[in-house]
Amino acid sequence: MARKITQTRKTTVTVIAWIIGFLIFFPILWTILMSFKSEGDAIKAPLAMLTSHWTLESYGEVQERSNYLRFFMNSVVISLGSTILALVIAIPAAWSMAFVPGRRTKDLLMWMLSTKMMPAVGVLVPMYLMFRDFGLLDTRTGLVVVLTLINLPIVVWMLYTYFKEIPGEILEAARMDGANLRSEILYVLTPMAVPGIASTMLLNIILAWNEAFWTLQLTTSDAAPLTQFIASYSSPEGLFYAKLSAASTMAIAPILILGWFSQKQLVRGLTFGAVK
Amino acid sequence: MGKITLTSVRKSFGEVDVIPSLDLSIEDGEFVVFVGPSGCGKSTLLRLIAGLEDTTSGSISIDGQDATDLPPARRGLAMVFQSYALYPHMSVKKNIMFPLKMAGMDVAEAEAKVANAAKILNLTNYLDRKPGQLSGGQRQRVAIGRAIVREPKAFLFDEPLSNLDAALRVNMRQEISELHQTLKTTMIYVTHDQVEAMTMADKIVVLNAGRIEQVGSPLELYRSPANTFVAGFIGSPKMNLITGAEAAKHSATTIGIRPEHLDIVADGPWQGVVGLSEHLGSDTFLKVAVAGMEPITVRAGGELNLHHGDRISLAPQAGKLHRFGADGKTLA
């Protein structure tokens, strides 16, 4: 017998879901609200703050003090660059794991994932020294490389689960039709996996955009992305809540918009293969 | 040309020998059917010929050239898969054109070939559709189209009709046979359906547990099966296999008689009671319980008025009785 869903139950669950959703979204909402206040109003008690005068002055000051566009461009280059590089490496890797698995493929996948469990700070010193010696400190190239390496396990995993869903016979048909490995991946596998590749790409862009540990440690000015832009507003002279909020809003706005428009793809990507 | 020779070909997956050493020769232009129960290794054998699986040992030659280590693309064979394996993101036209594109053929020439194949297969009106918008039979035709444009040395079919409904299966079976008459190219066809094997093949290869039980024309296998396995597998309904005292009378371990080779007579050697009678219109299949013997199937005339519980007497037709020894092989 199917479980009976009463109207009351439905309403209760909906209300709870909205409350949880609101709680999760609250910090972002508060940041956005605070960014439209003057520095003085921003540190008032919550109620007093909400009723105080709305202003755009923090945005003006932030734009005056630092060049938003430069940080923004760095973020774009780093997240897109690392995503493309990761895909170029991960597509063939996931292909071989999905279609010509060896005895150790599962172990290899687990091992790759386990690297994500290591605290990043554990390798900070060696990484920093390597970056220094290779002249990669504060360069976009350096960040692209490090973000690619960080996100590669997830990208490979996601593509692997997508590729596993593609019937092997279609690839065999391509082989019978005279396709070599390159044509097989290029003309048959990739177009069929486009939805999967797209959601993997989106997720990776978001991850790279939000990555704060390495971007803060390995950049100072030239390659500094939006994470540095935000961090620069928490300074030794004190916290400037309104300006910090304005900077944060400007930093998260692009990715929030991207996420909003691609949420369908993202949810599909993250839950793909979870249920059949 | 499309002569394919397998010499001592063996295939094992780990410890398991799927195909113990096997020799087989397929002549140019022949329609060969591999038939056997599921798991008998017939698809594996086809995939070995295609190059989709590597042989464990032995050699495969195509037109006299050693192809054992050639990749599938370079063997010059075309394959039609059970699932059709069409490229879902390409139109019918692009699907059929794909092998030509891979061969680097000039676009105009390729288009002409596609148009020709589409005409043969009645696909002209569907060229711009995606596989998802086609029926099962149309998809199967696209898969065949993709195979014929390449003008391969041989076609390999891996149970191509098993996803189709019964009526369509009969149609497609005839279309494939007609295609073979037209193209006169070697075809190797895998099926577990002995009716397909009987109706289509020039030569049937009966496989069981990776071993070839018998090779021969449909009628050869029907008339003189080499052993009880082939006897039971070829022919529908199955041959009656009788053991015990009745077999001993013919100095054999097992005797076999086909349902169509039994006559209902007034006073025959086997007396029995009708259990089940299936009236097909053209034929009637009777299951008859005869004392001291396995249940006997009889194929009788269509409008026969016999029912459950009726007593009848059966007589095997002269010269139609098969005798098998203790090892299951036919006795001379």
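As shown above, the structure is provided for reference.
Notes on the structure in this doc start here. (Residues numbered from 1 in each chain as written. Chains lettered and ligands numbered in written order. Predicted model: local features only at pLDDT ≥ 70, side-chain atom pairs only at ≥ 80, totals over all residues. Heavy atoms only, no water.)

**Overview of the overall build of chain A**
Link 1 in the chain: Looking only at helices and strands, one finds 15 helices and two strands in chain A.
Link 2 in the chain: With the principal axes as the frame, chain A shows a C-alpha extent of 70 × 65 × 30 Å.
Link 3 in the chain: Looking at chain A as a whole, 40% of its 276 residues qualify as buried.
Link 4 in the chain: Surface exposure of chain A reaches about 15500 Å², of which carbon and sulfur atoms provide 71%.
Link 5 in the chain: Distance from the positive charge centre (21 side chains) to the negative charge centre (16 side chains) of chain A: 12 Å. (Helix = DSSP H or I, 4+ residues; strand = E, 2+ residues; numbered from the N terminus. Buried < 20%, exposed > 50% of the residue type's maximum accessible area, 1.4 Å probe, protein only. Areas by Shrake-Rupley, 256 points an atom, 1.4 Å probe, with all protein chains shown as cover. Lys, Arg positive; Asp, Glu negative; His and termini not counted. Charge placed at Lys NZ, Arg CZ, Asp CG, Glu CD.)

**Re the pattern of salt bridges**
Between side chains of opposite charge, a pair can form when the charged atoms approach closely.
Residue and element names in this part refer to chain B.
Link 1 in the chain: Applying the stated criterion across every chain yields a total of 18 salt bridges over all chains.
Link 2 in the chain: Measuring nitrogen to oxygen at the nearest pair gives 3.8 Å for the salt bridge that ties Lys42 to Glu159. Of the two residues, Lys42 sits in helix H1 (residues 42-50) while Glu159 sits in the loop between strand S7 (154-158) and helix H5 (166-183), which places them 117 residues apart along the sequence.
Link 3 in the chain: Judged by relative accessible area, which is 11%, Glu159 ranks as buried.
Link 4 in the chain: One salt bridge connects Glu246 with Lys249, and the closest N-O pair in it is separated by 2.9 Å. Of the two residues, Glu246 and Lys249 both sit in helix H9 (residues 245-249), three residues apart, roughly one turn of that helix.
Link 5 in the chain: Overall, Glu246 belongs to the buried group, its relative accessible area being 12%. (Salt bridge = Lys/Arg side-chain N within 4 Å of Asp/Glu carboxyl O.)

**Observations concerning the packing of helix H8 (residues 140-164) of chain A against helix H11 (residues 194-210) of chain A**
All names here are of chain A.
Link 1 in the chain: The interhelical angle for the contact between H8 and H11, taken along N-to-C directions, is 155°, at an axis separation of 10 Å. The angle between H8 and H11 falls in the class roughly antiparallel. Relative to H11, H8 is oriented so that their crossing is right-handed. Packed against H8, whose contacting residues are Leu147, Asn151, Ile154, Val155, Met158, Leu159 and Tyr162, the element H11 presents Pro195, Gly196, Ile197, Ser199, Thr200, Leu203, Asn204, Leu207 and Ala208 at the interface.
Link 2 in the chain: Within the contact of H8 with H11, the residues separate by chemical class into eleven nonpolar, five polar and no charged. (Axes fitted to C-alpha atoms, helices over the stretch in contact; angles between N-to-C directions. Parallel < 35°, antiparallel > 145°, perpendicular 65-115°, else oblique. Left-handed = near helix turned anticlockwise from the far one by under 90°. Contact = heavy atoms within 4.5 Å. Nonpolar A, V, L, I, M, F, W, Y, C, P; charged D, E, K, R; others polar.)

Remember that the coordinates give geometry; whether it matters functionally is a separate question.
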